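One-letter residues, chain by chain:
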Amino acid sequence: MSNLELSSSQVYLTEKSANSPTSIMGDFVLKFWGVRGLIPTPDGNTNRYGGNTACVEIHVAGKNLIFDGGTGLRILGKTWQHLQEPLEAHLFFTNSQSNRIQGFPFFAPAFIPKNCFYIYGAAASNGASIKQCLCDQMLQPHFPYPLQVMQSELQFQNITPNSEVKLDDVTVKTAIINQTQRSIGYRVNWQNYSVAYITDLSNRADQIERDDILQFVQGVDLLVANATYTPPTSHDHECADSLWQVAVEIAQKADVKQLVISHHHPDDHDDFLDMVQTEVKSAFPQASLASEGLVLSIV
């Protein structure tokens, strides 16, 4: 049985309090460092939920796993930067769009020798590998320093849907979540506990695609999913119920114990998200909206 609960710490850890290679402690703990979709949203109306793009940290069985490298990755890196001991972590990218990789050039621990990062990603829609995508965004004129300036050990691993990565007794399984965007979802299994991270759900997916996703997330202790939304030019707050319903429906049908909706639209301000959270909870009481600094303990 899952023991999901909010950590007593709901704010970023300070440099003084961070005394290990991870900013969160526990056998299986998750922390949100970036919860925004599309583009960063530094705005006075996004202070409570946060404006950084996607980044989630999972500490499980002594291992550091990071999912997506949006601008939240920079904030996570700052809590690790001062540590003396070598760091090792595994970075899993759902896709290679800018909001998933734009924080990587600013991930300070990657510039420190003796640190080691294993980087996983599937081929982009144009066939480019995750290494190529990360390299390209650090080339002139986009960025002043190439990826080769990073002095840590970077080990790139190409992954495919319906495969798995074994990290001792932790298993990370993969599945295709969005065919158009070639987006990968991840399921982290350890002992009898599991977390699924699927952040490109579409309300245009056909029944076969939805059935595959249902099977992939079946019975997880925690599901992190996006609220589907239309392009920014046609975003309409009045149809908010249709934006999160796909995630709720999947959580209900797959017997998910808890659902957290992330990747908020750039136009969704704090008061609006408060309203959405109330509506989501009325449909699925075990659901909530992600906010930067939110920590959830699985066990």
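Note that this is a predicted model, so its numbers are computed, not measured. (Residues numbered from 1 in each chain as written. Predicted model: local features only at pLDDT ≥ 70, side-chain atom pairs only at ≥ 80, totals over all residues. Heavy atoms only, no water.)

### Structural notes on the sheet that holds strand β11 (residues 193-198)
To be explicit about the condition: For two strands to count as paired, DSSP must find a minimum of two bridges between them. A helix here means a DSSP run of H or I that spans at least four residues, while a strand means a run of E at least two residues long, and both kinds are numbered starting from the N terminus. Every angle, taken between N-to-C directions, lies between 0 and 180 degrees, and every axis is a line fitted to C-alpha atoms, over only the stretch in contact when it is a helix. We call two residues in contact whenever any of their non-hydrogen atoms come within 4.5 Å of each other.
Spatially, 7 strands are ordered β8-β9-β10-β11-β12-β13-β14 in an open sheet, and the strand pairing comes out mixed. The open sheet terminates on both sides in strands that have one partner only, identified here as β8 (164-167) and β14 (287-289). Put simply, the sheet's adjacent strands are angled 20° from each other on average, direction ignored. Pairing analysis gives 4 bridges linking β11 to strand β12 (residues 222-226), with the strands arranged parallel. Among the inter-strand pairings, A196 is bridged to a residue of β12, identified as L223. Along the sheet, helix α6 (residues 270-283) makes contact with β13 (259-262) and β14, crossing β14 at roughly 170°.

### Here's the deal with the pattern of salt bridges
Applicable threshold: The rule for a salt bridge is simple: a side-chain nitrogen of Lys or Arg has to be within 4 Å of a carboxyl oxygen of Asp or Glu. A 1.4 Å probe rolled over the protein chains alone gives each residue an accessible area, and that area as a share of the maximum for its type sets the label: buried under 20%, exposed over 50%, partly exposed in between.
In this structure the tally under the stated criterion is 8 salt bridges. As a salt-bridge pair, R210 and E249 come within 3.7 Å of each other at their nearest N and O atoms. Taken together, the residues R210 in helix α4 (residues 207-217) and E249 in helix α5 (residues 241-253) connect sequence positions 39 residues apart. We classify E249 as partly exposed; its relative accessible area is 26%. Linked by salt bridges that have partners in common, R48, D271 and D274 make up one network.

### A short note on the packing of aromatic side chains
Our working definition: Each aromatic pair joins two rings of Phe, Tyr and Trp (for Trp, the six-membered one) with centres within 6.5 Å, and gets the label stacked for planes under 30 degrees apart, edge-to-face for over 60, and tilted for any other angle.
Within the structure shown, the criterion is met by 11 aromatic pairs. Both rings, one in F28 and one in W190, keep their centres 6.3 Å apart while their planes meet at 75°; by these two values the pair is edge-to-face. Of the two residues, F28 sits in strand β2 (residues 28-34) while W190 sits in strand β10 (residues 183-190), which places them 162 residues apart along the sequence. The exposure class assigned to F28 is buried, which follows from its relative accessible area of 0%. What makes W190 buried here is its relative accessible area of 7%. Between the aromatic rings of F67 and F92, the centroid separation amounts to 5.1 Å while the plane-to-plane angle is 15°, which identifies the pairing as stacked. Of the two residues, F67 sits in strand β4 (residues 63-67) while F92 sits in strand β5 (residues 88-92), which places them 25 residues apart along the sequence. Taken as a pair, F67 and F92 share a single burial class, namely buried. An aromatic cluster of three or more residues is present, and its members are F67, F92, Y120, Y186 and Y197.

### Quick look at the environment of H265
By secondary structure assignment, the location of H265 is in the loop between β13 and α6. C-alpha of H265 to C-alpha of L38: the two residues are 227 residues apart in sequence and 7.1 Å apart in space.

### Some points on the pairing of β13
Two faces, one strand: in a regular strand the side chains alternate between the faces of the sheet. Note the cut-off: A clockwise path from the first strand over the helix to the second, with the strands pointing away from the viewer, defines a right-handed crossover.
Across the two faces of β13 the burial is the same, with L259 and I261 and V260 and S262 all buried. Taken together, the 3 bridges between β13 and β14 define a ladder with parallel strand orientation. Within β14, the residue paired with L259 across the bridge is A287. In this region the chain leaves β13, passes through α6 and returns to the parallel neighbour β14; the handedness of that crossover is right-handed.

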